[in-house]
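If you want the building blocks of each chain, they are given just below.
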There are 2 protein chains.
Amino acid sequence: MTGRPFGEAFRAELRELLAWRRDVRHFRPDPLPDGTLERLVGIASLAPSVGLSQPWRFVVVNDPAARGTVRASFTACNADALGRLAGDRAALYARLKLAGLDEAPCHVAVFADRGTAQGHGLGRLTMPAALDYSAVMAVHTLWLAARSEGIGLGWVSILDPGVVTAALDVPADWVFIGYFCMGYPAAEDSVPTLQREGWESRADPASCLFFR
Amino acid sequence: MTGRPFGEAFRAELRELLAWRRDVRHFRPDPLPDGTLERLVGIASLAPSVGLSQPWRFVVVNDPAARGTVRASFTACNADALGRLAGDRAALYARLKLAGLDEAPCHVAVFADRGTAQGHGLGRLTMPAALDYSAVMAVHTLWLAARSEGIGLGWVSILDPGVVTAALDVPADWVFIGYFCMGYPAAEDSVPTLQREGWESRADPASCLFFR
(Lines give C-alpha, C1' and ligand atoms only; values in the text may rest on other atoms or scores of the structure.)
Protein backbone atom coordinates (compact mmCIF):
# COMPACT_ATOMS: atom_id res chain seq x y z
CA MET A 1 0.00 0.00 0.00
CA THR A 2 2.82 2.39 -0.77
CA GLY A 3 3.61 3.94 -4.10
CA ARG A 4 0.47 6.06 -4.05
CA PRO A 5 -1.08 8.49 -5.30
CA PHE A 6 -3.89 6.76 -7.07
CA GLY A 7 -4.21 6.87 -10.84
CA GLU A 8 -6.14 9.39 -12.89
CA ALA A 9 -8.77 6.81 -13.89
CA PHE A 10 -9.59 6.15 -10.24
CA ARG A 11 -9.65 9.86 -9.41
CA ALA A 12 -12.04 10.56 -12.26
CA GLU A 13 -14.34 7.78 -11.11
CA LEU A 14 -14.16 9.05 -7.52
CA ARG A 15 -15.25 12.51 -8.68
CA GLU A 16 -18.07 10.87 -10.59
CA LEU A 17 -19.20 9.01 -7.45
CA LEU A 18 -19.10 12.24 -5.45
CA ALA A 19 -21.12 14.06 -8.10
CA TRP A 20 -23.63 11.26 -8.54
CA ARG A 21 -24.07 10.29 -4.88
CA ARG A 22 -27.46 11.85 -4.08
CA ASP A 23 -29.59 11.87 -0.98
CA VAL A 24 -32.06 9.13 -1.89
CA ARG A 25 -35.72 9.43 -0.92
CA HIS A 26 -37.35 6.93 -3.26
CA PHE A 27 -36.52 3.33 -2.44
CA ARG A 28 -37.47 -0.05 -3.77
CA PRO A 29 -38.72 -2.21 -0.87
CA ASP A 30 -36.39 -5.20 -1.39
CA PRO A 31 -34.10 -5.72 1.60
CA LEU A 32 -30.33 -5.43 1.60
CA PRO A 33 -28.65 -8.84 1.26
CA ASP A 34 -27.62 -10.46 4.54
CA GLY A 35 -24.35 -9.15 5.85
CA THR A 36 -24.38 -6.00 3.70
CA LEU A 37 -24.88 -3.55 6.53
CA GLU A 38 -22.23 -5.21 8.68
CA ARG A 39 -19.77 -5.00 5.79
CA LEU A 40 -20.57 -1.34 5.12
CA VAL A 41 -20.19 -0.49 8.82
CA GLY A 42 -16.80 -2.18 8.66
CA ILE A 43 -15.79 0.16 5.83
CA ALA A 44 -17.31 3.17 7.64
CA SER A 45 -15.10 2.35 10.60
CA LEU A 46 -12.09 3.34 8.50
CA ALA A 47 -13.27 6.97 8.78
CA PRO A 48 -11.10 9.54 10.53
CA SER A 49 -11.84 9.98 14.22
CA VAL A 50 -10.43 12.32 16.82
CA GLY A 51 -7.77 10.48 18.86
CA LEU A 52 -8.75 7.24 17.07
CA SER A 53 -11.84 7.30 19.31
CA GLN A 54 -14.19 5.76 16.70
CA PRO A 55 -17.20 7.20 18.55
CA TRP A 56 -19.77 6.30 15.87
CA ARG A 57 -22.66 4.13 17.01
CA PHE A 58 -24.89 2.63 14.34
CA VAL A 59 -28.31 1.62 15.67
CA VAL A 60 -30.33 -0.48 13.24
CA VAL A 61 -34.01 0.17 13.87
CA ASN A 62 -36.26 -2.82 13.16
CA ASP A 63 -38.86 -2.49 15.94
CA PRO A 64 -42.16 -1.33 14.40
CA ALA A 65 -43.02 0.77 17.46
CA ALA A 66 -39.69 2.61 17.33
CA ARG A 67 -40.06 3.15 13.57
CA GLY A 68 -43.56 4.49 14.22
CA THR A 69 -42.26 6.99 16.76
CA VAL A 70 -39.64 8.22 14.29
CA ARG A 71 -42.25 8.45 11.51
CA ALA A 72 -44.57 10.45 13.78
CA SER A 73 -41.74 12.81 14.75
CA PHE A 74 -40.94 13.41 11.08
CA THR A 75 -44.61 14.10 10.30
CA ALA A 76 -44.92 16.59 13.16
CA CYS A 77 -41.62 18.39 12.46
CA ASN A 78 -42.30 18.52 8.74
CA ALA A 79 -45.79 20.01 9.31
CA ASP A 80 -44.25 22.58 11.63
CA ALA A 81 -41.65 23.51 9.01
CA LEU A 82 -44.35 23.85 6.35
CA GLY A 83 -46.41 26.04 8.67
CA ARG A 84 -43.59 28.57 8.82
CA LEU A 85 -43.60 29.08 5.07
CA ALA A 86 -46.01 31.03 2.91
CA GLY A 87 -47.07 31.39 -0.70
CA ASP A 88 -45.18 29.68 -3.50
CA ARG A 89 -42.42 28.54 -1.17
CA ALA A 90 -44.97 26.71 1.03
CA ALA A 91 -46.60 25.13 -2.01
CA LEU A 92 -43.22 23.97 -3.28
CA TYR A 93 -42.20 22.61 0.15
CA ALA A 94 -45.46 20.67 0.40
CA ARG A 95 -44.69 18.92 -2.90
CA LEU A 96 -41.20 17.76 -1.88
CA LYS A 97 -40.68 14.17 -0.75
CA LEU A 98 -38.16 14.64 2.03
CA ALA A 99 -37.82 11.14 3.45
CA GLY A 100 -38.18 7.54 2.36
CA LEU A 101 -39.21 6.28 5.79
CA ASP A 102 -42.20 4.30 4.50
CA GLU A 103 -40.42 2.35 1.77
CA ALA A 104 -36.78 2.04 2.80
CA PRO A 105 -36.13 -1.50 4.06
CA CYS A 106 -33.27 -0.50 6.34
CA HIS A 107 -33.36 2.25 8.98
CA VAL A 108 -30.23 3.27 10.88
CA ALA A 109 -29.90 5.92 13.57
CA VAL A 110 -26.38 7.21 14.14
CA PHE A 111 -25.07 8.61 17.41
CA ALA A 112 -21.73 9.92 18.68
CA ASP A 113 -20.65 8.45 21.99
CA ARG A 114 -19.44 11.53 23.87
CA GLY A 115 -18.52 9.29 26.81
CA THR A 116 -16.26 6.82 25.05
CA ALA A 117 -12.96 5.99 26.70
CA GLN A 118 -11.46 4.99 23.37
CA GLY A 119 -8.85 7.52 22.30
CA HIS A 120 -8.10 8.44 25.92
CA GLY A 121 -9.58 11.88 25.41
CA LEU A 122 -6.93 12.94 22.88
CA GLY A 123 -7.87 15.93 20.74
CA ARG A 124 -11.31 16.56 22.15
CA LEU A 125 -10.68 18.55 25.31
CA THR A 126 -11.34 21.98 23.77
CA MET A 127 -13.63 20.69 21.02
CA PRO A 128 -15.84 17.85 22.29
CA ALA A 129 -17.90 18.21 19.12
CA ALA A 130 -14.93 16.63 17.32
CA LEU A 131 -16.52 13.34 18.45
CA ASP A 132 -19.75 14.25 16.66
CA TYR A 133 -17.77 15.26 13.58
CA SER A 134 -16.01 11.89 13.59
CA ALA A 135 -19.38 10.13 13.56
CA VAL A 136 -20.46 12.34 10.64
CA MET A 137 -17.39 11.27 8.66
CA ALA A 138 -18.25 7.63 9.33
CA VAL A 139 -21.73 8.30 7.95
CA HIS A 140 -20.22 9.91 4.87
CA THR A 141 -17.85 6.99 4.41
CA LEU A 142 -20.72 4.53 4.66
CA TRP A 143 -22.68 6.66 2.20
CA LEU A 144 -19.92 6.57 -0.43
CA ALA A 145 -19.23 2.87 0.04
CA ALA A 146 -22.95 2.07 -0.22
CA ARG A 147 -23.42 4.20 -3.33
CA SER A 148 -20.45 2.59 -5.02
CA GLU A 149 -22.44 -0.67 -4.72
CA GLY A 150 -25.68 0.87 -5.96
CA ILE A 151 -27.23 1.16 -2.49
CA GLY A 152 -28.90 4.47 -1.66
CA LEU A 153 -28.88 6.43 1.56
CA GLY A 154 -31.14 9.29 2.64
CA TRP A 155 -30.40 11.52 5.62
CA VAL A 156 -33.46 12.49 7.67
CA SER A 157 -32.85 15.56 9.85
CA ILE A 158 -36.48 16.72 10.10
CA LEU A 159 -36.89 15.02 13.47
CA ASP A 160 -36.96 15.90 17.14
CA PRO A 161 -33.60 14.54 18.38
CA GLY A 162 -34.96 14.08 21.90
CA VAL A 163 -37.90 12.00 20.71
CA VAL A 164 -35.74 9.76 18.51
CA THR A 165 -33.11 9.31 21.21
CA ALA A 166 -35.73 8.37 23.82
CA ALA A 167 -37.41 5.91 21.46
CA LEU A 168 -34.17 4.02 20.89
CA ASP A 169 -33.13 3.61 24.51
CA VAL A 170 -29.47 4.53 24.12
CA PRO A 171 -27.01 5.72 26.78
CA ALA A 172 -27.49 9.28 27.99
CA ASP A 173 -24.16 10.52 26.64
CA TRP A 174 -24.86 9.50 23.06
CA VAL A 175 -25.51 12.53 20.82
CA PHE A 176 -28.01 11.98 18.01
CA ILE A 177 -26.40 12.72 14.64
CA GLY A 178 -29.04 11.65 12.14
CA TYR A 179 -31.50 9.03 10.97
CA PHE A 180 -30.77 7.21 7.73
CA CYS A 181 -32.92 5.33 5.25
CA MET A 182 -31.07 2.73 3.23
CA GLY A 183 -32.05 0.49 0.35
CA TYR A 184 -31.97 0.26 -3.41
CA PRO A 185 -32.97 3.51 -5.13
CA ALA A 186 -36.11 3.53 -7.24
CA ALA A 187 -34.31 5.79 -9.72
CA GLU A 188 -30.91 7.37 -10.31
CA ASP A 189 -30.17 10.99 -10.98
CA SER A 190 -27.02 13.04 -11.17
CA VAL A 191 -28.80 16.29 -10.18
CA PRO A 192 -29.75 16.95 -6.53
CA THR A 193 -33.49 16.51 -5.96
CA LEU A 194 -33.82 19.98 -4.45
CA GLN A 195 -32.24 21.49 -7.55
CA ARG A 196 -34.43 19.46 -9.90
CA GLU A 197 -37.53 20.51 -7.99
CA GLY A 198 -36.58 24.19 -8.06
CA TRP A 199 -35.98 24.58 -4.31
CA GLU A 200 -32.32 25.54 -4.46
CA SER A 201 -29.36 25.28 -6.82
CA ARG A 202 -25.67 24.73 -6.24
CA ALA A 203 -23.51 27.74 -5.46
CA ASP A 204 -20.26 28.57 -7.22
CA PRO A 205 -17.57 26.87 -5.08
CA ALA A 206 -15.45 30.01 -5.33
CA SER A 207 -18.03 31.78 -3.17
CA CYS A 208 -17.10 29.44 -0.28
CA LEU A 209 -13.39 30.21 -0.41
CA PHE A 210 -11.82 33.06 1.58
CA PHE A 211 -8.30 34.27 2.23
CA ARG A 212 -6.78 35.79 5.32
CA MET B 1 -23.96 8.97 -15.57
CA THR B 2 -26.56 6.21 -15.38
CA GLY B 3 -25.89 2.51 -15.48
CA ARG B 4 -24.20 2.57 -12.08
CA PRO B 5 -23.18 0.89 -9.65
CA PHE B 6 -19.46 1.24 -10.03
CA GLY B 7 -17.28 -1.76 -10.80
CA GLU B 8 -15.54 -3.99 -8.31
CA ALA B 9 -12.08 -2.67 -9.26
CA PHE B 10 -13.14 0.87 -8.37
CA ARG B 11 -14.78 -0.25 -5.14
CA ALA B 12 -11.64 -2.10 -4.09
CA GLU B 13 -9.52 0.96 -4.79
CA LEU B 14 -11.98 3.17 -2.88
CA ARG B 15 -11.65 0.88 0.14
CA GLU B 16 -7.90 1.10 -0.21
CA LEU B 17 -8.05 4.91 -0.25
CA LEU B 18 -10.26 4.89 2.86
CA ALA B 19 -7.90 2.53 4.65
CA TRP B 20 -4.76 4.40 3.62
CA ARG B 21 -6.03 7.97 4.06
CA ARG B 22 -4.32 8.97 7.32
CA ASP B 23 -4.30 12.16 9.30
CA VAL B 24 -0.97 13.60 8.16
CA ARG B 25 1.26 15.44 10.61
CA HIS B 26 4.61 15.32 8.81
CA PHE B 27 4.74 17.48 5.71
CA ARG B 28 7.30 18.41 3.13
CA PRO B 29 7.47 22.21 2.85
CA ASP B 30 6.93 22.49 -0.92
CA PRO B 31 3.74 24.37 -1.74
CA LEU B 32 0.69 22.98 -3.50
CA PRO B 33 0.69 23.84 -7.22
CA ASP B 34 -1.31 26.95 -8.15
CA GLY B 35 -5.01 26.25 -8.46
CA THR B 36 -4.88 22.98 -6.52
CA LEU B 37 -6.80 24.21 -3.51
CA GLU B 38 -9.45 25.88 -5.66
CA ARG B 39 -9.91 22.63 -7.58
CA LEU B 40 -10.15 20.57 -4.39
CA VAL B 41 -12.68 22.99 -2.88
CA GLY B 42 -14.70 22.56 -6.07
CA ILE B 43 -14.77 18.80 -5.52
CA ALA B 44 -15.54 19.28 -1.79
CA SER B 45 -18.56 21.34 -2.80
CA LEU B 46 -20.13 18.16 -4.18
CA ALA B 47 -20.56 16.99 -0.57
CA PRO B 48 -24.04 16.40 0.84
CA SER B 49 -25.55 19.40 2.61
CA VAL B 50 -28.81 19.87 4.45
CA GLY B 51 -31.34 21.52 2.13
CA LEU B 52 -28.55 22.03 -0.46
CA SER B 53 -27.34 24.81 1.84
CA GLN B 54 -23.62 24.26 1.12
CA PRO B 55 -22.72 26.03 4.38
CA TRP B 56 -19.00 25.18 4.28
CA ARG B 57 -16.63 28.13 4.38
CA PHE B 58 -12.96 27.48 3.62
CA VAL B 59 -10.65 30.17 4.96
CA VAL B 60 -7.10 29.91 3.67
CA VAL B 61 -4.77 31.32 6.31
CA ASN B 62 -1.65 32.98 4.92
CA ASP B 63 -1.18 35.90 7.30
CA PRO B 64 1.82 35.20 9.56
CA ALA B 65 0.18 36.92 12.54
CA ALA B 66 -2.97 34.79 12.23
CA ARG B 67 -0.88 31.64 11.82
CA GLY B 68 1.07 32.66 14.91
CA THR B 69 -2.12 33.04 16.95
CA VAL B 70 -3.27 29.59 15.88
CA ARG B 71 0.15 28.10 16.67
CA ALA B 72 0.11 29.70 20.12
CA SER B 73 -3.39 28.39 20.82
CA PHE B 74 -2.27 24.89 19.86
CA THR B 75 0.76 25.13 22.12
CA ALA B 76 -1.34 26.30 25.08
CA CYS B 77 -4.14 23.77 24.60
CA ASN B 78 -1.68 20.94 24.04
CA ALA B 79 0.24 21.82 27.21
CA ASP B 80 -3.05 21.91 29.12
CA ALA B 81 -3.99 18.46 27.78
CA LEU B 82 -0.59 17.06 28.73
CA GLY B 83 -0.95 18.53 32.23
CA ARG B 84 -4.08 16.47 32.81
CA LEU B 85 -2.27 13.19 32.19
CA ALA B 86 0.08 11.28 34.44
CA GLY B 87 2.74 8.56 34.30
CA ASP B 88 3.28 6.53 31.16
CA ARG B 89 0.29 8.07 29.42
CA ALA B 90 1.73 11.57 29.91
CA ALA B 91 5.13 10.45 28.67
CA LEU B 92 3.56 8.88 25.59
CA TYR B 93 1.42 11.97 24.90
CA ALA B 94 4.47 14.20 25.13
CA ARG B 95 6.19 12.13 22.42
CA LEU B 96 3.30 12.40 19.93
CA LYS B 97 3.48 14.90 17.09
CA LEU B 98 -0.10 16.08 16.91
CA ALA B 99 0.06 18.82 14.29
CA GLY B 100 2.11 19.82 11.28
CA LEU B 101 1.53 23.55 11.75
CA ASP B 102 5.20 24.47 11.38
CA GLU B 103 5.89 22.65 8.12
CA ALA B 104 2.61 22.44 6.23
CA PRO B 105 2.63 24.97 3.40
CA CYS B 106 -1.15 25.36 3.33
CA HIS B 107 -3.39 26.17 6.30
CA VAL B 108 -7.17 26.14 5.99
CA ALA B 109 -9.74 26.90 8.68
CA VAL B 110 -13.22 25.54 8.03
CA PHE B 111 -16.44 27.04 9.36
CA ALA B 112 -20.14 26.30 9.00
CA ASP B 113 -22.25 29.32 8.16
CA ARG B 114 -25.20 28.92 10.51
CA GLY B 115 -26.73 32.07 9.04
CA THR B 116 -26.74 31.14 5.36
CA ALA B 117 -29.93 31.78 3.42
CA GLN B 118 -28.99 29.10 0.90
CA GLY B 119 -31.32 26.12 1.26
CA HIS B 120 -34.12 28.32 2.60
CA GLY B 121 -33.85 26.70 6.01
CA LEU B 122 -34.92 23.28 4.76
CA GLY B 123 -34.08 20.38 7.08
CA ARG B 124 -32.34 22.35 9.79
CA LEU B 125 -35.15 23.71 11.94
CA THR B 126 -34.97 21.00 14.60
CA MET B 127 -31.29 20.20 14.03
CA PRO B 128 -29.29 23.35 13.24
CA ALA B 129 -26.13 21.29 13.76
CA ALA B 130 -26.96 19.65 10.42
CA LEU B 131 -25.23 22.70 8.93
CA ASP B 132 -22.07 21.88 10.87
CA TYR B 133 -22.33 18.25 9.80
CA SER B 134 -22.59 19.35 6.16
CA ALA B 135 -19.35 21.31 6.51
CA VAL B 136 -17.71 18.22 8.06
CA MET B 137 -18.71 16.13 5.04
CA ALA B 138 -17.18 18.76 2.74
CA VAL B 139 -13.95 18.48 4.75
CA HIS B 140 -14.04 14.69 4.41
CA THR B 141 -14.69 14.98 0.68
CA LEU B 142 -11.75 17.34 0.28
CA TRP B 143 -9.63 14.97 2.36
CA LEU B 144 -10.36 11.98 0.11
CA ALA B 145 -9.93 13.97 -3.11
CA ALA B 146 -6.62 15.38 -1.88
CA ARG B 147 -5.33 11.98 -0.76
CA SER B 148 -6.21 10.43 -4.10
CA GLU B 149 -3.74 12.95 -5.58
CA GLY B 150 -1.07 12.27 -2.97
CA ILE B 151 -1.79 15.42 -0.96
CA GLY B 152 -2.02 15.01 2.81
CA LEU B 153 -4.37 16.64 5.28
CA GLY B 154 -4.13 16.84 9.05
CA TRP B 155 -7.03 17.89 11.27
CA VAL B 156 -6.03 20.09 14.22
CA SER B 157 -8.67 20.12 16.97
CA ILE B 158 -6.36 20.97 19.88
CA LEU B 159 -7.24 24.65 19.67
CA ASP B 160 -9.43 27.19 21.41
CA PRO B 161 -12.26 27.73 18.89
CA GLY B 162 -12.89 31.24 20.21
CA VAL B 163 -9.27 32.28 19.76
CA VAL B 164 -9.05 30.92 16.22
CA THR B 165 -12.38 32.43 15.19
CA ALA B 166 -11.39 35.86 16.54
CA ALA B 167 -8.01 35.73 14.80
CA LEU B 168 -9.61 35.13 11.41
CA ASP B 169 -12.21 37.91 11.54
CA VAL B 170 -15.17 35.92 10.23
CA PRO B 171 -18.90 36.65 10.63
CA ALA B 172 -20.36 36.01 14.08
CA ASP B 173 -22.66 33.20 12.95
CA TRP B 174 -19.88 31.07 11.50
CA VAL B 175 -19.19 27.99 13.67
CA PHE B 176 -15.57 26.84 13.76
CA ILE B 177 -15.30 23.23 12.59
CA GLY B 178 -11.56 22.62 12.44
CA TYR B 179 -8.16 23.80 11.31
CA PHE B 180 -6.41 21.85 8.58
CA CYS B 181 -2.81 21.49 7.53
CA MET B 182 -2.30 20.53 3.90
CA GLY B 183 0.72 19.64 1.85
CA TYR B 184 2.72 16.72 0.57
CA PRO B 185 3.30 14.06 3.25
CA ALA B 186 6.86 13.39 4.34
CA ALA B 187 6.02 9.68 4.51
CA GLU B 188 3.15 7.29 3.82
CA ASP B 189 1.71 4.73 6.17
CA SER B 190 -1.33 2.52 6.12
CA VAL B 191 -1.53 2.31 9.92
CA PRO B 192 -2.93 5.22 11.98
CA THR B 193 -0.17 7.14 13.75
CA LEU B 194 -1.86 6.77 17.13
CA GLN B 195 -1.96 3.01 16.66
CA ARG B 196 1.67 2.85 15.53
CA GLU B 197 2.73 4.90 18.54
CA GLY B 198 0.81 2.71 21.01
CA TRP B 199 -1.77 5.34 22.01
CA GLU B 200 -4.88 3.52 20.83
CA SER B 201 -5.87 0.79 18.40
CA ARG B 202 -8.86 0.29 16.14
CA ALA B 203 -11.97 -1.29 17.64
CA ASP B 204 -13.86 -4.20 16.12
CA PRO B 205 -16.52 -2.52 13.92
CA ALA B 206 -19.09 -4.99 15.25
CA SER B 207 -18.80 -3.25 18.63
CA CYS B 208 -20.27 -0.08 17.05
CA LEU B 209 -23.36 -1.81 15.67
CA PHE B 210 -26.57 -2.13 17.70
CA PHE B 211 -30.07 -3.38 16.98
CA ARG B 212 -33.42 -2.15 18.23
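Keep in mind that this is a model prediction, so the values were computed, not measured.

Re the overall build of chain A
The number of helices and strands found in chain A is 7 helices and 5 strands. Going from N to C terminus, chain A has its helices and strands arranged as α-α-β-α-α-β-α-β-α-β-α-β. By the compact-globule yardstick of 17 Å for 212 residues, chain A fits well, its C-alpha radius of gyration being 19 Å. Once the C-alpha set of chain A is aligned to its principal axes, its extents read approximately 55 × 45 × 45 Å. Within chain A, the proportion of its 212 residues that are buried is 48%. Look at the contacts in chain A between residues 6 or more apart in sequence, and 85% of them connect residues 24 or more apart.

Examining helix α1 (residues 8–20) of chain A
The end-to-end C-alpha separation of α1 of chain A is 18 Å, in line with the 18 Å expected for 13 residues at 1.5 Å each. Contacts made by the buried residues of α1 of chain A are with α5 (129–148) of chain A together with α1 (8–20) and α5 (129–148) of chain B. After α1 of chain A finishes, the residue R22 of chain A shows a positive phi value of roughly 65 degrees.

Quick notes on the interface of chain B and chain A
At the junction of the two partners, chain B supplies 82 residues and chain A supplies 83 residues. Among the secondary structure elements, those contributing two or more residues to the side of chain B that touches chain A are α1, α2 (36–44), β1 (56–60), α3 (64–83), α5, α6 (161–168), α7 (193–196) and β5 (209–211) of chain B. Per-element accounting of the side of chain B that touches chain A gives the leading share, 10 residues, to α1 of chain B. Counted by class, the side of chain B that touches chain A contains 45 nonpolar, 18 polar and 19 charged residues. Note: strand β1 (residues 56–60) of chain A against β5 of chain B, 3 bridges, orientation parallel.

Topic: the sheet that holds strand β3 (residues 152–156) of chain B
The strand order across the open sheet built from 5 strands is β5(A)-β1(B)-β2(B)-β4(B)-β3(B), with neighbouring strands paired in mixed fashion. Two strands bound the open sheet, and with one partner strand each, they are β5 (209–211) of chain A together with β3 of chain B. Across the sheet, the axes of successive neighbouring strands diverge by a mean angle of 30 degrees, strand direction being ignored. Relative to strand β4 (residues 174–183) of chain B, strand β2 (residues 106–113) of chain B runs antiparallel, the two being bridged by 8 bridges. Residue pairing for β4 of chain B: H107 of chain B is matched across the bridge by C181 of chain B.

With respect to the sheet that holds strand β3 (residues 152–156) of chain A
Pairing is mixed in the open sheet, where 5 strands are placed in the order β3(A)-β4(A)-β2(A)-β1(A)-β5(B). With partners counted over all chains shown, the strands left at the sheet margins are β3 of chain A together with β5 of chain B, one partner each. Pairs of neighbouring strands in the sheet enclose a mean axial angle of 30 degrees, with direction left out of account.

Observations regarding the relation of the copies chain B and chain A
Aligned on chain A, chain B shows an RMSD of 0.0 Å; the corresponding rotation is 180 degrees and the shift along the axis is 0.0 Å. This pairing of chains is accounted for by a two-fold axis. Take the interface residues of chain B: 100% of them recur as interface residues in chain A, which is what a same-surface contact looks like.

Overview of helix α6 (residues 161–168) of chain A
Residues and elements named next belong to chain A. Within α6, burial applies to V164, A167 and L168. For α6, the angular spread of the buried residues around the axis is 90 degrees, confining them to a single face. Exposed residues on α6 whose side chains face more than 90 degrees from its buried face are G162 and A166. Contacts made by the buried residues of α6 are with β1, α3 (64–83), β2 (106–113) and β4 (174–183). Positive phi shows up at D169, right after α6, with a value of about 55 degrees.

Description of the packing of α3 of chain B against α6 of chain B
All names here are of chain B. At a minimum axis separation of 9 Å, α3 and α6 run at an interaxial angle of 175 degrees. Taken together, α3 and α6 sit at an angle that is classed as roughly antiparallel. Contacts between α3 and α6 involve A66, T69, V70 and S73 on the former and, on the latter, V163, V164, A167 and L168. Taken together, the residues that form the contact of α3 with α6 break down as 6 nonpolar, 2 polar and no charged.

As for the pairing of β2 of chain A
The side chains of a regular strand alternate, first on one face of the sheet and then on the other. Residue and element names in this part refer to chain A. Counting buried residues along β2, 7 of its 8 residues qualify, which places the element largely inside the surrounding structure. Of the strand pairs in this sheet, β1 and β2 are connected by 5 bridges, and their pairing is antiparallel. Within β2, the position partnered with W56 by the bridge is A112.

Considering unusual backbone geometry
Residues and elements named next belong to chain A. At Q54, a position not held by glycine, the phi torsion is positive, near 40 degrees. Unlike most non-glycine residues, D169 shows phi in positive territory, near 55 degrees. Mapping D169 onto the fold places it in the loop between α6 and β4.

Concerning the confidence of the model for chain A
In the predicted model, chain A carries a mean pLDDT of 95, and 98% of its residues have values of at least 70. Note on the complex model: pTM 0.96, ipTM 0.96.

Regarding the packing of α5 of chain A against α5 of chain B
For the pair α5 of chain A and α5 of chain B, interaxial distance at closest approach is 9 Å and the crossing angle is 60 degrees. Here α5 of chain A lies oblique to α5 of chain B, going by the angle between them. Handedness of the crossing formed by α5 of chain A with α5 of chain B: right-handed. Touching Y133, V136, M137 and H140 of chain A of α5 of chain A are Y133, V136, M137 and H140 of chain B, all from α5 of chain B. Each residue belonging to the contact of α5 of chain A with α5 of chain B can be placed in one class, and the counts come to 6 nonpolar, 2 polar and no charged.

Conventions used here
- Residues numbered from 1 in each chain as written.
- Chains lettered and ligands numbered in written order.
- Predicted model: local features only at pLDDT ≥ 70, side-chain atom pairs only at ≥ 80, totals over all residues.
- Helix = DSSP H or I, 4+ residues; strand = E, 2+ residues; numbered from the N terminus.
- Rg over C-alpha atoms; globule rule 2.2 N^0.38 Å.
- Buried ≥ 20, exposed ≤ 12 C-beta atoms within 10 Å, placed from the backbone.
- Contact = placed C-beta atoms within 7 Å.
- Expected span 1.5 Å × (residues − 1).
- Nonpolar A, V, L, I, M, F, W, Y, C, P; charged D, E, K, R; others polar.
- Pairing = 2+ DSSP bridges.
- Axes fitted to C-alpha atoms, helices over the stretch in contact; angles between N-to-C directions.
- Least-squares fit on C-alpha atoms with pLDDT ≥ 70 in both.
- Arc of directions from axis to C-beta.
- Parallel < 35°, antiparallel > 145°, perpendicular 65-115°, else oblique.
- pLDDT = per-residue confidence, 0-100.
- Left-handed = near helix turned anticlockwise from the far one by under 90°.

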